[in-house]
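# Remarks on the overall topology
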Amino acid sequence: MLHTFAVYVDNKPGVLNRVASLFRRRAFNIESLTVGHTETDGVSRMTVVVDTDEYGARRLEAHLYKLVPCRRVDNITHAPAIARDLALIKVAATGEARTHVMQLVDVYRARIVDVSPESMVIETTGTEDKIDSLVEVLRPYGVVEMVRTGRVAMARGLVNGRRIAPRTGAGAAASEVNGDISSCSV
Amino acid sequence: MTLTGAQILWEALVREGVTDVFGYPGGAILPAYDAMLAYPIRHVLVRHEQGAAHMADGFARASGRVGVAIATSGPGATNMVTGIATAMMDSSPIVCITGQVGSRLIGSDAFQETDITGITLPITKHNYLVTGVHDIAPAIREAFAIARAGRPGPVLIDITKDAQQASAEVDWDAAAPRLSEAYDDALPGDGDAHDALALIATAERPLILAGHGIVQAGAERQVRELAERAGIPIAVTLLGIGGVPASHPLNMGMMGMHGEAWVNQAIQEADLLIALGMRFDDRVTGNLKTYAQTARKIHVDIDRAELNKNVRVDVAIARDLRAALDEWLPLITPRDRAGWLARIHALKGDAAVRDIQNLPDDGHLYAAHVINDLWRLTHGDAIVVTDVGQHQMWEAQYYKHDTPRSLITSGGLGTMGFALPAAIGAKIACPDKEVWVVVGDGGFQMTMCELATAVQEQLDINVAIINNGYLGMVRQWQEFFYDKRYAATPISGPDFARLAGSFGIPAAVVKTRAEVAGAVEAARRQKRTAVIDFQVEQEDTVYPMVPAGADLHKMIRRPSPIVETAAD
């Protein structure tokens, strides 16, 4: 089954590589991985979705903790959580079709963020299901391009109220030669 | 005080208690070498950087202290990779320091540039690319803390040449390691000591599986007490040898592929396995589908990622073994399990009759005899460092280790060429101990250049080459599983005695069992490196054996002299 992890890591060069390499090396399949800044300076948060069983999930959590820049891992698969995906969808709709697309966009509470003579770009956020469904209804009008962020997730309420303090120490200063990736998604 | 990066490096190493390093100089590490002369450090010049990593590893395994290897960028760094992977697999704490091209050249394919942090990412606990002089002291302090912490392992620090050359004020307190406190937190799914104790109290046929973690945790006494108090027999892994004395009446012997048949049979008949600091490697479990089906299982390991990895267990505890056992021991009720012990002794059956040690001398020189004689002649008191292959298994079977850290061997990675350099590291860590290398003629030829290192360092190491003219273990597999088609296993070699002579090393050639004792004693008397070329039976076989992936209880037994002739 799909497991969702919130992984807090030090925002240091090469951290994304360490995490991604761990998944590859231990033969786990990443469904999606997103990373971005958190409320704390110097700490990034990854949302990783992995297809594995309960034992695999526990082992993965243990492996993540063995990565030195990894600060905290929450398996929020079974916690009440909000999960969202963001998509930009370019549809080659003109003339009559354009009106239909705008109605569909309304129904899905999506937004049109760009219009050109030959196409329009729709922005939507929601669960993967909702976005999948929107893409399906748009497909007949000609989806020419699509980009999705992958899942970001957060547990509801204050169950994980612990804050992660930024850490100083070896290599804490970002290096100018080894470009850091402050946000990215797979 | 203002120091250069190179001075900070050595100052930090000295502050970590480092007295010996194993290395090889080169362009990108030259500033560090230049600064080294002012510090109280013994530098052992290796002949190949793989040797430096193995020496640091042998140093760490013999002493429990962190071993340090140093090399230049590019090929110097990549040559260490095998040694780093070996240390990773066997949880050996080493710190490898490599020079790197100047920070402005990184990514430009500069001369001798290689992405060694990228290359070693999966075979280190952690690694650093240090490009600024201010980051050197914190990186070294943190690296030593990480190498020692939890399950030990290798850490690599890659330092650019300009960082070594730049100067800075150092604040040693500010450089103190700040490791995440999350490291030791209990996680959901962790087992409970009470569940473990309840299983131990009610088990009829329990067995302790004793691994390397016992030595790493310094829990030898605790494991012995647990076994004695609860009347539980012990089986050891290859790296667990020495953690429990071989002569202890509850120590049944080694488990696994070349373990004793009765030990493997006992695992299959047990109703409780207590796995302490071991990781259910495929070489000890055989076919997982039929492994210990009747047993409940308790697993204590400091590395949570090892729990429920290969074998599903009933109680999984991620803890320091000594701390866990200290807590358990007062709660263990003494119990007599004479029936179960008698059953295991009955399982031995005719094993003693089959044992090659009990067969009459038939004029052939068998490796098992050489090793058993070596054990007697050294009073079981030497540090024996083995390579990988048949001789390694015979060592494990026929040299009876009573003390921890007295067998040093590459278990997880199975690295040929490990023995000689690792022995040099062990001798430097423990100069007062007698050190023997037991090595095949194949593995010896991989790293025999390090004989020069032993000579230059004036070390007293004895090298026993178990020379059968074959890559023996591979040949054995070809004999059993590939219809005796010996593809690429016959191996020639130099005249090892003359080779040793060219290094200025005294050597002997032994072809009969009668000559073994004399040669061993002569080597022991010489307080310098000595080589003995034991020319043993060519097509000898390690018994017993569980074929890879086969059921643990279906072993190929030693041939019985009653039905077969000993000369077969």
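Just so we're clear, the structure is a prediction, and the values are computed from it rather than from any experiment.

How each quantity is defined
Residues numbered from 1 in each chain as written. Chains lettered and ligands numbered in written order. Predicted model: local features only at pLDDT ≥ 70, side-chain atom pairs only at ≥ 80, totals over all residues. Helix = DSSP H or I, 4+ residues; strand = E, 2+ residues; numbered from the N terminus. Buried ≥ 20, exposed ≤ 12 C-beta atoms within 10 Å, placed from the backbone. Domains from an automatic or database assignment. Contact = placed C-beta atoms within 7 Å. Nonpolar A, V, L, I, M, F, W, Y, C, P; charged D, E, K, R; others polar. Pairing = 2+ DSSP bridges. Axes fitted to C-alpha atoms, helices over the stretch in contact; angles between N-to-C directions. pLDDT = per-residue confidence, 0-100. Parallel < 35°, antiparallel > 145°, perpendicular 65-115°, else oblique.

As a further point, take unusual backbone geometry. Residue and element names in this part refer to chain B. Residue Tyr543 is joined to Pro544 through a cis peptide bond whose omega torsion reads -15°. Here Pro544 lies in the segment after strand E20 (530-535). You will see that Ala292, though not glycine, has its phi angle at about 45°, which is positive. Mapped onto the fold, Ala292 is located in the loop between helix H13 (282-285) and strand E13 (296-301). By C-beta crowding, Ala292 is classed as buried, having 25 other C-beta atoms within 10 Å. Positive phi outside glycine occurs at Asp483, with the angle close to 60°. If you trace the backbone, Asp483 turns up in the loop between helix H22 (472-481) and helix H23 (496-502). Under the C-beta neighbour-count criterion, Asp483 is labelled exposed, with 7 such atoms within 10 Å.

Here we come to the domain arrangement of chain B. All names here are of chain B. Domain parsing of chain B yields domain 1 (2-175), domain 2 (193-348) and domain 3 (367-535). Computed over C-alpha atoms only, the centres of domain 2 and domain 3 are separated by 30 Å. In this assembly, twelve residues from domain 2 lie in contact with 13 residues from domain 3. Residues belonging to the side of domain 2 that touches domain 3 are distributed by class as follows: seven nonpolar, four polar and one charged.

Attention now goes to the sheet that holds strand E4 (residues 67-71) of chain B. Residue and element names in this part refer to chain B. With respect to topology, six strands assemble into an open sheet ordered E3-E2-E4-E5-E7-E6, the strand pairing being parallel. For this open sheet the edge positions go to strand E3 (42-45) and strand E6 (126-130), each flanked by a neighbour on one side alone. With direction set aside, neighbouring strand axes in the sheet form an average angle of 20°. Sheet topology places strand E2 (residues 20-23) next to E3; four bridges connect them, and they run parallel. Looking at E3, one finds that Asp20 is bridged to Arg42. Sitting on the sheet, helix H3 (residues 49-63) touches E2, E3, E4 and strand E5 (94-100), and the angle it makes with E4 is about 170°.

Attention now goes to the confidence of the model for chain A. Counting all residues, the mean pLDDT for chain A is 87, and 85% of those residues have values of 70 or more. In the model, residues 171-181 of chain A has pLDDT below 50 throughout and makes 22 contacts with residues more than four positions away in sequence or in other chains.

Moving on, we get to the packing of H3(B) against helix H5 (residues 81-89) of chain B. All names here are of chain B. Running from N to C, H3 and H5 cross one another at 25°; their axes reach a closest spacing of 7 Å. Classified by the angle between their axes, H3 and H5 sit roughly parallel to one another. Each of Gln50, Ala53, His54 and Asp57 in H3 lies in contact with H5, whose residues at this interface are Thr82, Gly83, Ile84, Thr86 and Ala87. In the contact of H3 with H5, the residues fall into three nonpolar, five polar and one charged.

This part takes up the sheet that holds strand E17 (residues 435-440) of chain B. Residue and element names in this part refer to chain B. Strands sit in the order E16-E15-E17-E18-E20-E19 across an open sheet of six strands; the sheet is parallel. Looking at which strands have only one partner, the edges of the open sheet turn out to be strand E16 (407-408) and strand E19 (507-510). Pairing between E19 and E20: four bridges, direction parallel. Across the sheet, residue Ala507 finds its bridge partner in E20, namely Val531. Across the sheet, helix H18 (residues 390-398) is in contact with strand E15 (383-386), E17 and strand E18 (461-467); its angle to E17 comes to roughly 135°. The strands touched by helix H24 (residues 516-525) within the sheet are E18, E19 and E20, with E19 carrying the most contacts at an inclination of about 165°.

Here we come to the pairing of E5(B). Residues and elements named next belong to chain B. Burial analysis of E5 places seven of its seven residues in the buried class, the great majority of the element. In terms of strand pairing, E4 meets E5 through five bridges, oriented parallel. Bridging across to E5, Gly67 finds its partner in Ile94. For E5 and strand E7 (residues 155-160), the ladder comprises six bridges, and the chain directions are parallel. Looking at E7, one finds that Ile97 is bridged to Ile157.

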